[in-house]
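# Remarks on the overall topology
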There are 4 protein chains.
Amino acid sequence: MPYEFTRERRVAFAETDLAGIVHFSNYFRYMEETEHAFYRSLGLRIHPSEGPGVGWPRVDVQCDFRAPLRFDDVFEVRLLVREKRRKSVTYAAVFRKLDGARTVVARGAMTVVSVAFDPSTGTMNAVSLPSDFDARLEVAPDDVLAAAHAER
Amino acid sequence: MPYEFTRERRVAFAETDLAGIVHFSNYFRYMEETEHAFYRSLGLRIHPSEGPGVGWPRVDVQCDFRAPLRFDDVFEVRLLVREKRRKSVTYAAVFRKLDGARTVVARGAMTVVSVAFDPSTGTMNAVSLPSDFDARLEVAPDDVLAAAHAER
Amino acid sequence: MPYEFTRERRVAFAETDLAGIVHFSNYFRYMEETEHAFYRSLGLRIHPSEGPGVGWPRVDVQCDFRAPLRFDDVFEVRLLVREKRRKSVTYAAVFRKLDGARTVVARGAMTVVSVAFDPSTGTMNAVSLPSDFDARLEVAPDDVLAAAHAER
Amino acid sequence: MPYEFTRERRVAFAETDLAGIVHFSNYFRYMEETEHAFYRSLGLRIHPSEGPGVGWPRVDVQCDFRAPLRFDDVFEVRLLVREKRRKSVTYAAVFRKLDGARTVVARGAMTVVSVAFDPSTGTMNAVSLPSDFDARLEVAPDDVLAAAHAER
């Protein structure tokens, strides 16, 4: 479905810290990896090597943590399109540890904006979503978002 | 002042991504580095090598981004204690690029909770702030927080 | 075969730098991830949550780079056991981009030592390889190593 | 002296792993940070925002580890120019923990090559060192290199 995507991942050793758990900054990398896998699944390419420079900087990100992930844990990131605006997309994310209990370990959100790079000045300006992104990405239905939000 | 701390930092090459800007996940590392420098400035030690295992996992973090940081940019992170509860502390952060304009490039927030590690079970349980943290950390006055929040 | 293991991987966005290529430090993370996947494939567990603390610090690592990897590139890491000593294992690694040409983009090596953590002093001391590691890990035959070394 | 540079650094929390020590991949980041600080100290700019794209990819890197660094440890990286060729520079690095004993905790080496980016093809080609780099960087005298190599 073009409004959500789920990706499985295993915690790498280098992603842990001395507390024995995944360093919290990595959850944002996990979210971004899932976003990119979602685009691939829809045939969308970001950062094409040819053509004008389009980018997807994040403008607002958030994550809250309920339980830790540890080395070698297998988990999934479920990403849902929560909102689509003219120049930006907002995702919600649910992180679930893939043990028997399938515990929700974290929840996050991320707003990304499409920008054009101006190589002459080095600046980035927000632009309308590329037409293929706008055409393929759908906003998740309210009941799906509500159910995802309520998951334990 | 035991309710705020400012730390200067330079963007490292490895912190950039192919868009030529600091990868957003690093802002959370910058916040945490500043938090730890704040503790050092107050004579507080986290993760002492001896004694019972106390940790400071993050339970909720957020950051929004207004302008990019690039390789070699010098910036400051100003951290303010926004709230202190029995088992947790919430920080607000203002990231400012140290060029002539001193532009605010990002703002963040971070709630950290003090936990005790139980080595026999590998679990972490929230506990009251260690007494020295509780005694030294002060909550920033409302007008200071409001002024920081209004900075451009 | 218990003397080599190959793992496929895709370059994540956060692993690139402003030069548009994978930051070189990540090749060491790729090697370590492959090493751990190798152990899993043999039923070997590192860092068990229970039992005495055994670790596998690296004592010598090396990598040379022939061609860059870029965002979204799919590549493989082939890891071979080059040498096994009483307390250490040395791996050779060949990184190959999985495009039509299957170009070798990098080669590395890594010597890891098994250590026991002494919680009372916080020190690590080299110890004999755990018996299950010693029993399962085999050294690659000379001709396999020579062929891997000669690959272009 | 334009053939060596020493930089002090403190271990950040996010640089540690579950073994309680600095993840080995970070030593390469420390080396690169020191290299860039060295260039700054000589008035040399890499990755200028204007002008033709010049880069400094690494072609061969190595590090061996004698003792761990832990969270909050203060250490220094001493970088020496070991060799200068027409298109490349090789550095040696000595990592020393800044405790009373000033223990050497690691040693590394890194060969970097100057390349020109061809934006039309996305390729990088090795080119002669930029003239200002060639003029300012000196090779360390043999006795200095030998003494650094012999340090304990």
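Here the structure is shown first, and the text comes after it.
To start, this report covers the structure provided alongside it.

Criteria and cut-off values
Residues numbered from 1 in each chain as written. Chains lettered and ligands numbered in written order. Predicted model: local features only at pLDDT ≥ 70, side-chain atom pairs only at ≥ 80, totals over all residues. Heavy atoms only, no water. Helix = DSSP H or I, 4+ residues; strand = E, 2+ residues; numbered from the N terminus. Buried < 20%, exposed > 50% of the residue type's maximum accessible area, 1.4 Å probe, protein only. 1 Å grid on protein atoms, 1.4 Å probe; cavity = no way out; pocket = protein on both sides within 12 Å on 5 of 7 lines; lining within 4 Å. Points joined across faces, edges and corners; volume = space filled by probe spheres on them. Phe/Tyr/Trp six-rings, centres within 6.5 Å; stacked < 30°, edge-to-face > 60°. Contact = heavy atoms within 4.5 Å. Buried area = accessible area lost by both parts, 1.4 Å probe. Salt bridge = Lys/Arg side-chain N within 4 Å of Asp/Glu carboxyl O. Polar contact = N/O pair within 3.5 Å; in protein donor to acceptor, adjacent residues only side chain to side chain. Nonpolar A, V, L, I, M, F, W, Y, C, P; charged D, E, K, R; others polar. Expected span 1.5 Å × (residues − 1). Pairing = 2+ DSSP bridges. Least-squares fit on C-alpha atoms with pLDDT ≥ 70 in both. Axes fitted to C-alpha atoms, helices over the stretch in contact; angles between N-to-C directions. Parallel < 35°, antiparallel > 145°, perpendicular 65-115°, else oblique.

Residue and element names in this part refer to chain A. Even without being glycine, R102 reaches a positive phi, approximately 45 degrees. Within the fold, R102 resides in the loop between β5 (88–97) and β6 (104–113). On the basis of relative accessibility, which here comes to 37%, the residue R102 falls in the partly exposed class.

Under the defined criterion, the tally for this structure stands at 5 cavities of 30 Å³ or more. Of the pockets and cavities examined, the largest cavity occupies roughly 170 Å³. Contributing to the lining of the largest cavity are 18 residues, with R9, E15 and R29 of chain B together with R9 and E15 of chain D lying nearest its centre. Counting only elements with at least two residues in the lining of the largest cavity, the list comes to α1 (25–41) of chain B together with α1 (25–41) of chain D.

This part is about the packing of aromatic side chains. Scanning all chains against the criterion turns up 58 aromatic pairs over all chains. Plain terms: the ring middles of F38 of chain A and Y39 of chain A are 6.3 Å apart, the flat faces sit at 20 degrees to each other, and that makes the pair stacked. Neither residue differs from the other here; F38 of chain A and Y39 of chain A are each classed as buried. Summarising the aromatic geometry, the rings of Y39 of chain B and W56 of chain B are spaced 6.1 Å apart at their centres and angled 40 degrees between planes, so their arrangement reads as tilted. A residue pair is termed long-range when its members are at least 10 positions apart, and Y39 of chain B in helix α1 and W56 of chain B in the loop between β2 (54–55) and β3 (58–65) qualify at 17 residues.

With that out of the way, let us pick up the interface of chain B and chain D. On the side of chain D, 14 residues touch chain B, which itself brings 14 residues to the contact. For the pair chain B and chain D, the two sides together bury roughly 1300 Å², of which 57% comes from carbon and sulfur. When the area that chain B buries against chain D is broken down by residue, the three leading residues are F13, R40 and F71 of chain B, summing to 33%. Linking chain B to chain D there are 2 salt bridges. Note that D72 of chain D and R40 of chain B form a salt bridge whose closest N and O atoms lie 2.9 Å from each other. The tally of links from chain B across to chain D stands at 2 residue pairs in polar contact (both at pLDDT 80 or more). Looking at side-chain class alone, the side of chain B that touches chain D contains 5 nonpolar, 2 polar and 7 charged residues.

Further remarks concern α1 of chain B. All names here are of chain B. Taking 1.5 Å per residue, 17 residues should reach 24 Å; α1 reaches 25 Å between its end C-alpha atoms and fits that length. Across the 17 residues of α1, 15 count as buried, placing the element largely inside the fold. Of the residues flanking the end of α1, it is G43, one or two places downstream, whose phi is positive at about 75 degrees.

Our focus in this paragraph is the interface of chain B and chain A. Facing 24 residues of chain B, the contacting portion of chain A comprises 24 residues. Between chain B and chain A lies a buried interface of about 2100 Å² when both sides are counted; carbon and sulfur atoms form 63% of it. Sorting the residues of chain B by area buried against chain A places F24, V61 and F65 of chain B first, and these three jointly supply 22% of that buried surface. Inspection of the chain B/chain A interface yields 10 residue pairs in polar contact (both at pLDDT 80 or more). Those elements that place two or more of their residues in the side of chain B that touches chain A are α1 and β3 of chain B. When residues of the side of chain B that touches chain A are assigned to their parent elements, the largest contribution, 8 residues, is made by β3 of chain B. Class assignment for the residues of the side of chain B that touches chain A results in 13 nonpolar, 5 polar and 6 charged. Where strand β3 (residues 58–65) of chain A and β3 of chain B come together, 5 bridges link them in antiparallel fashion. In the strand pairing of β3 of chain B, Q62 of chain A is matched with Q62 of chain B.

Okay, the pattern of salt bridges next. Taken as a whole and judged by the stated rule, the model has 64 salt bridges over all chains. R78 of chain A is the partner of E151 of chain A in a salt bridge, and the nearest nitrogen-oxygen pair spans 3.5 Å. Residue E151 of chain A is found in the segment after α3 (142–150), and its partner R78 of chain A is found in strand β4 (residues 74–84); the two are separated by 73 residues along the sequence. By relative accessible area, E151 of chain A is classed as partly exposed at 22%. Between D73 of chain D and K97 of chain D there is a salt bridge, with the nearest N and O atoms lying 3.6 Å from each other.

For the rest of this paragraph, the subject is the relation of the copies chain B and chain A. Relative to chain A, chain B is turned by 180 degrees and slid 0.0 Å along the rotation axis, the superposed coordinates differing by an RMSD of 0.0 Å. Here the copies are linked by what is in effect a two-fold axis. Among all residues of chain B, the one whose C-alpha sits closest to the rotation axis is Q62 of chain B, at a distance of 2.1 Å. Looking at the interface residues of chain B, 100% of them are also at the interface in chain A, so both copies use one shared face.

Right, let's talk about the pairing of β3 of chain B for a bit. Direction of pairing for β3 of chain B relative to strand β6 (residues 104–113) of chain B: antiparallel, over a ladder of 7 bridges. From the neighbouring strand, Q62 of chain B faces β6 of chain B, where its bridge partner is A109 of chain B.

What follows deals with the sheet that holds strand β7 (residues 115–118) of chain C. Residue and element names in this part refer to chain C. With antiparallel pairing, the 3 strands of this open sheet are ordered in space as β2-β7-β8. The sheet is open, and its two edges are formed by β2 (54–55) and β8 (123–126), each paired on a single side. Pairing of β7 with β8, which is carried by 4 bridges, proceeds in the antiparallel orientation. Within the sheet, the bridge partner assigned to V115 lies in β8 and is A126.

With that settled, the discussion passes to the side chain of D73 of chain C. Residues and elements named next belong to chain C. Examined against the element boundaries, D73 turns out to sit in the loop between β3 (58–65) and β4 (74–84). Exposure remark for D73: the relative accessible area of 14% places this residue in the buried category. Within polar-contact distance, the side chain of D73 engages the backbone nitrogen of R70 at 2.7 Å. In contact with D73, not counting residues within four places along its chain, are R9, R10, V11 and K97.

Moving on, we get to the sheet that holds strand β7 (residues 115–118) of chain D. All names here are of chain D. Read from one edge to the other, the open sheet built from 3 strands follows the order β2-β7-β8, with strand pairing classed as antiparallel. Of all the strands in the sheet, just β2 (54–55) and β8 (123–126) have a single pairing partner and so form its edges. As paired strands, β2 and β7 are joined by 2 bridges and run antiparallel to one another. From the neighbouring strand, V54 faces β7, where its bridge partner is A116.

With that out of the way, let us pick up the packing of helix α1 (residues 25–41) of chain C against α1 of chain D. Here α1 of chain C crosses α1 of chain D at 175 degrees, and the two axes come no closer than 8 Å. On the basis of the axis angle, α1 of chain C is roughly antiparallel to α1 of chain D. Along its contact with α1 of chain C, which presents S25, F28 and R29 of chain C, the element α1 of chain D presents S25, F28 and R29 of chain D. In terms of residue class, the contact of α1 of chain C with α1 of chain D is built from 2 nonpolar, 2 polar and 2 charged.

What follows is about the side chain of T111 of chain B. Within the secondary structure, T111 of chain B is located in strand β6. Every residue in contact with T111 of chain B, bar those within four places of it in the chain, is listed here: P57, R58, V59, D60, S88, V89 and T90 of chain B.

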